[in-house]
Amino acid sequence: MNTKFNDFQTSALGFTKSPLGIIALFIVLIYGFATLAATFGDNFKDSIVLLVYFLILFPVIVFVGFLWLVSKHHDKIYGPSDFKNEDNFFKMRMSSVASLAVASAKQFEKTQKDGDIQEQLDSIIETVSKTSSNKEQNSTNEWNNRILWVDDRPENNVYERHAFEAQGLSFSLALSTKEALEILKNNKYAVIISDMKRKESDKEGYILLDEIRKIKNEIPFFIYTNSNSPTQKELAKEKGAQGSTNNAQELFEMVMRTINRL
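This report concerns the structure included in the present document. (Residues numbered from 1 in each chain as written. Predicted model: local features only at pLDDT ≥ 70, side-chain atom pairs only at ≥ 80, totals over all residues. Heavy atoms only, no water.)

On to the packing of aromatic side chains, then. Overall, the coordinates contain 4 aromatic pairs when judged by the stated rule. Look at Trp149 and Phe171: their rings are 5.8 Å apart centre to centre, the planes differ by 50°, and that puts the pair in the tilted class. On the criterion of sequence distance, the pair formed by Trp149 in strand E1 (residues 146-150) and Phe171 in strand E2 (residues 170-174) is long-range, its members being 22 residues apart. Looking at Trp149, the relative accessible area reads 1%, which means it is buried. (Phe/Tyr/Trp six-rings, centres within 6.5 Å; stacked < 30°, edge-to-face > 60°. Helix = DSSP H or I, 4+ residues; strand = E, 2+ residues; numbered from the N terminus. Buried < 20%, exposed > 50% of the residue type's maximum accessible area, 1.4 Å probe, protein only.)

The next subject is the sheet that holds E2. Working definition: the strands of a sheet are paired by backbone hydrogen bonds and lie parallel or antiparallel to each other. The 5 strands are arranged E2-E1-E3-E4-E5 in an open sheet whose pairing can be described as parallel. At either margin of the open sheet sits one strand with a lone partner, and together these are E2 and strand E5 (243-245). Neighbour-to-neighbour, the strand axes of this sheet turn through a mean angle of 20°, independent of strand direction. Sheet contacts for helix H8 (residues 204-214): E1, strand E3 (191-194) and strand E4 (221-224); angle to E4, the most-contacted strand, approximately 175°. (Pairing = 2+ DSSP bridges. Axes fitted to C-alpha atoms, helices over the stretch in contact; angles between N-to-C directions. Contact = heavy atoms within 4.5 Å.)

With that settled, consider the pairing of E2. For E2, a buried count of 4 out of 5 residues is recorded, marking the element as mostly surrounded by other parts of the structure. Bridge analysis of E1 against E2 gives 5 bridges, and the strand direction is parallel. Within E2, the residue paired with Trp149 across the bridge is Leu173. The β-α-β motif built from E1, the intervening helix H6 (residues 158-165) and the parallel element E2 has right-handed crossover chirality. (Right-handed = clockwise from strand over helix to strand, strands pointing away.)

This is the structure in structure tokens:
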């Protein structure tokens, strides 16, 4: 009996390492108490019908709640132990934070105070924590782990790419609209990130977006440009983009949320 109890205790401790495990423990305890009440509770005999209804309806309620968690809060239902290596879990997040901090530093004004910088860093940490990959990534050859980044000056977004690469994502780089369209003929990607102004024209990002949508390709498309105005954001969405920004942190959040839904 002691051996079985110790085994149960060990299993229970294992479940407490993730939110899903805690939910599972809660369900087991509820059913355990309900079974004990139905078996040994003489005072429940008059209410046995209510108990039976509870035992029938409870799993339905749990299932609906689980669907809500998966659809609305999927990024919060995994713990570090869900990764093959917990050290890699934390290294992944810290690497993304560091890369985003450097990328965002390009947008810091010299007049910013230390408190403002600390607030920005806290915000970056929160963003990475909320939107980091929620599962072990598949092979980097899988399309849903790959991003096509179109920019004629890729050296300008090295740290942004590092932040994504720390999450297990990989990139194909294109320097022009023509090159991007050629790559898309034979390859599939989770998302496309494009700048706006290139050598071809000042609105080349929109031209690429139009060409992609003409061939009925609904791949998520994000514009990473020098404008973050509400007008620019609205215009990008009207043309079929999923988002537009000049902020590295906002770009990371939008793209990671999209990839995590795949």
